Amino acid sequence: QQQVKQSPQSLIVQKGGISIINCAYENTAFDYFPWYQQFPGKGPALLIAIRPDVSEKKEGRFTISFNKSAKQFSLHIMDSQPGDSATYFCAASIETSGSRLTFGEGTQLTVNP
Amino acid sequence: DVKVTQSSRYLVKRTGEKVFLECVQDMDHENMFWYRQDPGLGLRLIYFSYDVKMKEKGDIPEGYSVSREKKERFSLILESASTNQTSMYLCASSLAGAVNEKLFFGSGTQLSVL
């Protein structure tokens, strides 16, 4: 049973466009929602994370939007660049679980020049 | 710079072989994890450990075991490899005690079981 559902599976965006990746979760006990970025041949690396006490978090061109009532959160990449081409994973965990993350299925983002 | 090192980038084994995947971290982290990554399924947790000699089952432990004899080393063992264990295996570590610890991943081992 996939507790975190991610869409789309793949996404192609033109340079300068906005990339949007969506995730939905089932477990209302989740209270930490990170996004990881993975380049080919590398392991995932933490990109940005949010806790449910805020509805939005922005770091540079990357923004997480969080909707607690809908149990959904999304990653927005503004002014997308070819260097953003990677696989993105959303994840969720419970604060007391000690880093035990449940990941979504992943989205392969391609930004065309 | 923090580092999680996985012993092999690519590994090819035969069905029924016993397989060892090794992971070493140099950050003095207490927590270590093994995930497998499959297209369309994301990362799924196999086993994790919060301390030496300690292990906990993740979401898909069947067919796997682990060993943690030293703090910096966490091994994943496939007792009798099967073709459905062909996958990318990722090791990760994190620091205990902090809230929502950041995971540091190795570069992965692509295992093919023939």
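Residues numbered from 1 in each chain as written. Chains lettered and ligands numbered in written order. Predicted model: local features only at pLDDT ≥ 70, side-chain atom pairs only at ≥ 80, totals over all residues. Heavy atoms only, no water.

With that settled, consider the overall build of chain B. Summing up its helical and strand segments, chain B has 0 helices and 11 strands in all. Put simply, chain B runs from its N terminus to its C terminus through helices and strands in the order β-β-β-β-β-β-β-β-β-β-β. The globule rule puts the C-alpha radius of gyration for 114 residues at 13 Å, and the 13 Å found for chain B is close to it. In terms of principal-axis extent, the alpha carbons of chain B reach across some 40 × 30 × 25 Å. Across the 114 residues in chain B, those meeting the buried criterion constitute 48%. In chain B, once contacts between residues fewer than 6 apart in sequence are set aside, the share between residues at least 24 apart is 56%. Total accessible area computed for chain B in this model is approximately 5,400 Å², and 50% of it derives from carbon and sulfur atoms. Looking at charge distribution, chain B has the averaged site of its 15 positive side-chain charges lying 5 Å from that of its 15 negative ones. (Helix = DSSP H or I, 4+ residues; strand = E, 2+ residues; numbered from the N terminus. Rg over C-alpha atoms; globule rule 2.2 N^0.38 Å. Buried < 20%, exposed > 50% of the residue type's maximum accessible area, 1.4 Å probe, protein only. Contact = heavy atoms within 4.5 Å. Areas by Shrake-Rupley, 256 points an atom, 1.4 Å probe, with all protein chains shown as cover. Lys, Arg positive; Asp, Glu negative; His and termini not counted. Charge placed at Lys NZ, Arg CZ, Asp CG, Glu CD.)

To continue, consider the side chain of Asp84 of chain A. All names here are of chain A. With respect to the helices and strands, Asp84 occurs in the loop between β8 (72-77) and β9 (86-92). Under the relative-accessibility criterion, Asp84 is labelled buried at 5%. Non-local contacts of Asp84, meaning those with residues more than four positions away in its chain, are made with Gln37, Arg61, Phe62, Ile77, Asp79, Leu109 and Val111.

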